[in-house]
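# Residue-level structural notes
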Amino acid sequence: MSPNHPPAGTTGPLAPSAGQPTGRVLIEHARAVATPQALACEQGPDSVLRNATLLIEQGRISAIAQGEAARLLSQRCEQELDRHPLQRIDARQHVVIPGLVNTHHHMYQSLTRAVPAAQNAELFDWLSALYPIWQGLTPEMVQVSTQLAMAELLLSGCTTSSDHLYIYPNGVRLEDQVQAAQAIGLRFHACRGAMSVGRSQGGLPPDSLVEGEADILKDMQRVIERWHDPSPGAMLRVALAPCSPFSVSQELMRQSALLARAHGVRLHTHLAENDKDIAYTRERFHCTPSEYAEQLGWLGEDVWHAHCVKLDERNDPTGMRRFARTGTGVAHCPCSNMRLASGIAPVPQMLAMGVPVGLGVDGSASNDGASMLGEVRQAMLLARVGHGPAALSARQALQLGSAGGARVLGRDDIGTIEVGMQADLALFRLDDIGFAGAVHDEIAALVFCHSPRADYTLVQGRLVVERGQLKALDLAMLVEKHNRLAHELLAHSA
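Residues numbered from 1 in each chain as written. Predicted model: local features only at pLDDT ≥ 70, side-chain atom pairs only at ≥ 80, totals over all residues. Heavy atoms only, no water.

Secondary structure assignment for the chain yields 16 helices and 18 strands. At 22 Å, the chain has a C-alpha radius of gyration in line with the 23 Å of a compact globule built from 494 residues. When its C-alpha atoms are laid out on the principal axes, the chain stretches across 70 × 50 × 45 Å. Looking at the chain residue by residue over its 494 residues, the buried ones come to 62%. Once local pairs closer than 6 in sequence are excluded, the contacts in the chain between residues at least 24 apart make up 78%. Entry remark: accessible area of the chain is about 17,700 Å², with carbon and sulfur atoms responsible for 51%. If you average the places of the 42 positive and of the 51 negative side-chain charges in the chain, the two averages end up 2 Å apart. (Helix = DSSP H or I, 4+ residues; strand = E, 2+ residues; numbered from the N terminus. Rg over C-alpha atoms; globule rule 2.2 N^0.38 Å. Buried < 20%, exposed > 50% of the residue type's maximum accessible area, 1.4 Å probe, protein only. Contact = heavy atoms within 4.5 Å. Areas by Shrake-Rupley, 256 points an atom, 1.4 Å probe, with all protein chains shown as cover. Lys, Arg positive; Asp, Glu negative; His and termini not counted. Charge placed at Lys NZ, Arg CZ, Asp CG, Glu CD.)

This is the structure in structure tokens:
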């Protein structure tokens, strides 16, 4: 299927191609702008850029101005309207933040939210309950669930997301996600996941869900060559992502690392998620999770691991030092970790040691939601539950969800509001009832108070959410189709 045509099962037109940013956008009179300086400063509202104007041209932020400079910038744009059409956004009731970056997700799992058999289970039992259902996934189900998850992310202010698709039954391919992303306009890091060790070989997944390792490696090379875009501002990149220590072999881990580095793509997997995960690694491989990763070539600035809840002094005494020394990243998923009772990741210690940390919503059946702004809030709250009231500030949490995630995904062109950066932005209204009384520090209020729907979301300068509505598709039609497929998937497993 050509990438210029929408996949079956999607609704709405394709977004413009990644290489052709469109038009100019002027965001005027912004009530508060979360610049890097504002997020780095813990002194409160005095650090915030106020009544500011941002100009977006060719997909990038080309100017940020205040006061008289802002007036002159608006005047210049007005004078150039005949040559350069302009879309204007009145942001006097908005806080403007960098587009949020989701570093870990399983989008197909939105089809199995709140399944009764998996509501009260820890990780291994949760997976065992859901594997038989996921065996029925079809290409259409993956396409539609991917768009549903991406729509939810965009409406929460997320502009870039990775996804870890590690199940490929019934003809499912990575293209089912790639083309869905192209249709909706989200910046996407597609992870070609895999499972190769089934129950008969001592793994957790059923044998019917694993693939042959030669086939996995062949398809990994194919999707890199077909879809990976290493250029600055890329809308689509590919990573290699064997699923976990309990579902793939050590040899597949080694070979995928060699393949990734030969092609200059990143590596991703799950690591040290809960006590059973730790016990499996110790019993089967006779080492700690960080030792396992090091032995297989899975440490480095081109690697990020999901969860790492147990990468602590008790379970892996040298783990954080290994990660810090090598620049290995972590996708912290607080909602999922709480939902599955996995524990509290030692995020404040990781940050203190210099470990790159971003946030992830994780699977939509272990979070049961995909709000990145909500994940920012939960990251702050969970850190305080585990480590005290000063463990993570609102600004630090927002940084994890933006610049932190960009670093984990190896991006230096997104994650901050600066001239020259990609124009990936989210605007939230502050005149909503959930912010009533929160007039003292707009940026902190966005994290401390409720998590609203984004009023505007821009990706590469394109408006993909406008006045709280998705532009690329009919959300009601998508939800209706998604729910029908969710019923079909569960009925197929009965």
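Most often, soluble globular proteins keep nonpolar side chains buried together rather than apart. If you look at the biggest cluster of nonpolar residues, it comprises 130 residues, and the most contacted ones within it are Ile-97, Trp-126, Leu-127 and Trp-134. Those residues in contact with Trp-134 that sit more than four places away from it in its chain are Tyr-108, Gln-109, Thr-112, Trp-126, Leu-127, Tyr-166, Ile-167 and Pro-169. Core analysis: the next-biggest nonpolar cluster, separate from the first, contains 19 residues, Val-33, Leu-49, Leu-427 and Tyr-456 among them. (Core = buried A, V, L, I, M, F, W, Y, C linked by side-chain atoms within 4.5 Å.)

Further remarks concern helix α5 (residues 175-184). Counting buried positions along α5 yields nine of ten residues, so the element is predominantly enclosed. Burial in α5 covers these residues: Glu-175, Asp-176, Gln-177, Val-178, Gln-179, Ala-180, Ala-181, Ala-183 and Ile-184. Close packing links the buried residues of α5 with α4 (139-155), β8 (158-165), β9 (187-194), α6 (213-227), β10 (236-242) and β17 (462-466). Among the residues trailing α5, Gly-185 stands out with phi positive, at a value near 95°.

This next bit is on the side chain of Thr-160. Residue placement: Thr-160 occurs in strand β8. Apart from residues lying up to four places away in sequence, Thr-160 is in contact with Leu-100, Val-101, Asn-102, Leu-186, Arg-187, His-189, Leu-409, Ile-414 and Asp-424.

Another aspect to go through is the sheet that holds strand β5 (residues 86-90). Pairing is mixed across the open sheet formed by four strands, whose spatial order is β4-β3-β1-β5. In this open sheet, the two strands that pair with only one neighbour each are β4 (60-66) and β5. Direction aside, the axes of adjacent strands within the sheet are offset by 15° on average. Docked against the sheet, helix α2 (residues 67-79) engages β1 (24-30), β3 (52-57), β4 and β5, running at close to 130° with respect to β4. (Pairing = 2+ DSSP bridges. Axes fitted to C-alpha atoms, helices over the stretch in contact; angles between N-to-C directions.)

A positive phi angle, near 45°, is found at Asn-51, a position not held by glycine. Here Asn-51 is to be found in the loop between α1 (36-40) and β3. Phi is positive for His-307, which is not a glycine, with a value near 85°. For His-307, the position within the fold is in strand β12 (residues 303-307).

Assignment of secondary structure puts His-94 in strand β6 (residues 94-98). In this structure, His-94 is in contact with Ala-30, Arg-31, Ala-32, Leu-427, Phe-428, Arg-429, Leu-430, Asp-455 and Tyr-456, ignoring residues within four places of it in sequence.

With 13 residues, α2 should cover 18 Å at 1.5 Å per step; its first-to-last C-alpha distance of 19 Å lies within 8% of that length. All buried positions along α2 are accounted for by Ala-70, Leu-73, Ser-74 and Cys-77. The arc enclosing the buried residues of α2, seen along the axis, measures out at 95°, which places them on a common side. In this structure, the buried side of α2 is in contact with β1, β3, β4 and β5. (Expected span 1.5 Å × (residues − 1). Arc of directions from axis to C-beta.)

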